[in-house]
Amino acid sequence: MDSEIAVDCSPLLKIYKSGRIERLMGETTVPPSSVPQNGVVSKDVVYSPDNNLSVRIYLPEKAAENGEKLPLLVYFHGGGFIIETAFSPTYHTFLTAAVSASNCVAVSVDYRRAPEHPISVPFDDSWTALKWVYTHITGSGQEAWLNKHADFSKVFLSGDSAGANIVHHMAMRAAKEKLSPDLNDTGISGIILVHPYFWSKTPIDEKDTKDETLRMKIEAFWMMASPNSADGSNDPLLNVVQSESVDLSGLGCGKVLVMVAEKDALVRQGWGYAAKLEKCGWKGEVQVVESEGEDHVFHLLKPDCDNAIEAMHKFSGFIKGEN
């Protein structure tokens, strides 16, 4: 029977014995808008015809009118590699606000999700999207908005939770593989990791959560996304901070902003990432911003609260070069 449940991860998803997956959140989508929302217009463009994958591009209305070049933000959504899309109301609202506040062009990447498409498919799709973005560096790419308005000397990558994990790996890969033959360096100015999804089997410091039920739940979620991980949550793709095999000195950008939330189970991983960056010989600048009294991705759930507004100010200031 298709109604028999094999794994119940409510309120996120259910997996049935037939193999069918029912996602319980993050499946609602909203269309892009040619009518300005918060002064921002948007449209969807296919970046991978083979896999029918698209990005949503956001542009300030004023830039569309005057043709100015703006910083470029490439964003990767969160959801544990399993739920959410680039087209959900949550991310459409956030990207519209971020573009308005930062006065930038943004490309929000949709990628195939686990468990149907396990790790490393989300990373591979994200790299494909990033390479597609950089085909516009000489102004002769597929998409006019990027040709006309993206300043490729000011490119920032960002994502929340699993999306922040993707951003880290994209910046590492960009240091080893050129995103474009027209680049002399990685082409990435900075990255913003929002409540990054890094984890390990054991606490990384004395402040890290020791709640074994919680730790096992987070590991189980990773194993759902990456069932072939021999080391579980000690997989170097996830255990970026504690794993000795992960060398951050080659991170392919000049500055990093790590945003964490005080009550988030992942908060110590964010702090640990910044500390590891400072100690490893990486030549850039890293800063950490902590939102007091808040939990994981609170800014997406409560975008109008004071701490979310302050977080957006830090986020946009980083892109505008104000901090």
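None of the values given here were measured: they were computed from a predicted structure.

Description of the side chain of Arg 113
- Within the element layout of this structure, Arg 113 appears in the loop between strand 7 (105-109) and helix 3 (121-134).
- For Arg 113, a relative accessible area of 15% puts it in the buried group.
- Within the structure, Arg 113 has its side chain in polar contact with the side chain of Glu 27 (distance 2.8 Å).
- Residues contacting Arg 113, with those up to four places away along its chain left out, are Arg 23, Glu 27, Phe 81, Ile 82, Ile 83, Glu 84 and Thr 85.

Quick notes on the packing of helix 3 against helix 5 (residues 162-174)
- At a closest axis distance of 10 Å, the pairing of helix 3 and helix 5 adopts a crossing angle of 60°. Taken together, the axes of helix 3 and helix 5 are oblique relative to one another. Classified by chirality, the crossing of helix 5 by helix 3 is right-handed. Between helix 3, through Phe 123, Asp 124, Ser 126, Trp 127 and Leu 130, and helix 5, the contact on the second element is made entirely by Asn 165, Ile 166, His 169, Met 170, Arg 173 and Ala 174.

What to know about the pattern of salt bridges
- Applying the stated criterion to the full structure yields twelve salt bridges.
- Between Glu 294 and Lys 302 there is a salt bridge whose closest N-O contact spans 2.9 Å.
- A relative accessible area of 39% means that Lys 302 is categorised as partly exposed.

Topic: the packing of aromatic side chains
- Enumeration according to the criterion identifies nine aromatic pairs in this entry.
- On the numbers, 5.6 Å between centres and 80° between planes, the contact of Phe 94 with Phe 315 is edge-to-face. Remark: Phe 315 occurs in helix 9 (residues 306-320) and Phe 94 occurs in helix 2 (residues 89-102); sequence separation between them is 221 residues. The residues Phe 94 and Phe 315 share a single accessibility class, namely buried.
- Site record: aromatic cluster; members linked through ring pairs are Tyr 75, Tyr 91, Phe 94 and Phe 315.
- The ring of Tyr 16 has Arg 20 sitting right over it, with the charged end atom 4.1 Å from the ring centre.
- Against the face of Phe 318 rests Lys 255, its NZ or CZ located 4.6 Å from the ring centre.

Observations regarding the nonpolar core
- Judged by nonpolar contacts, the single largest core of 75 residues is most densely connected at Leu 72, Ile 191, Leu 251, Val 256 and Tyr 273.
- Looking at this core element by element, the count peaks at eight residues for helix 5.
- What Val 256 contacts, discounting residues up to four positions off in sequence, is Ile 191, Leu 251, Tyr 273, Leu 277, Trp 282, Glu 285, Val 286, Gln 287 and Phe 318.
- Listed in part, the 24 residues of the second largest apolar core include Tyr 91, Val 99, Val 289 and Ile 319.

Brief notes about the sheet that holds strand 1 (residues 5-9)
- Ordered in space as 1-2-3, the three strands form an open sheet in which the pairing is antiparallel. Each end of this open sheet is capped by a strand with a single partner; those strands are strand 1 and strand 3 (21-23). Each strand of the sheet is rotated relative to its neighbour by a mean of 10°, with strand direction disregarded.
- Note that strand 2 (residues 13-16) and strand 3 share three bridges and pair antiparallel. Paired with Leu 13 across the bridge in strand 3 is Arg 23.

Conventions we followed
Residues numbered from 1 in each chain as written. Predicted model: local features only at pLDDT ≥ 70, side-chain atom pairs only at ≥ 80, totals over all residues. Heavy atoms only, no water. Helix = DSSP H or I, 4+ residues; strand = E, 2+ residues; numbered from the N terminus. Buried < 20%, exposed > 50% of the residue type's maximum accessible area, 1.4 Å probe, protein only. Polar contact = N/O pair within 3.5 Å; in protein donor to acceptor, adjacent residues only side chain to side chain. Contact = heavy atoms within 4.5 Å. Axes fitted to C-alpha atoms, helices over the stretch in contact; angles between N-to-C directions. Parallel < 35°, antiparallel > 145°, perpendicular 65-115°, else oblique. Left-handed = near helix turned anticlockwise from the far one by under 90°. Salt bridge = Lys/Arg side-chain N within 4 Å of Asp/Glu carboxyl O. Phe/Tyr/Trp six-rings, centres within 6.5 Å; stacked < 30°, edge-to-face > 60°. Lys NZ or Arg CZ within 6 Å of the ring centre and 35° of its normal. Core = buried A, V, L, I, M, F, W, Y, C linked by side-chain atoms within 4.5 Å. Pairing = 2+ DSSP bridges.

The quantities given are spatial measurements derived from coordinates; they are silent on function.
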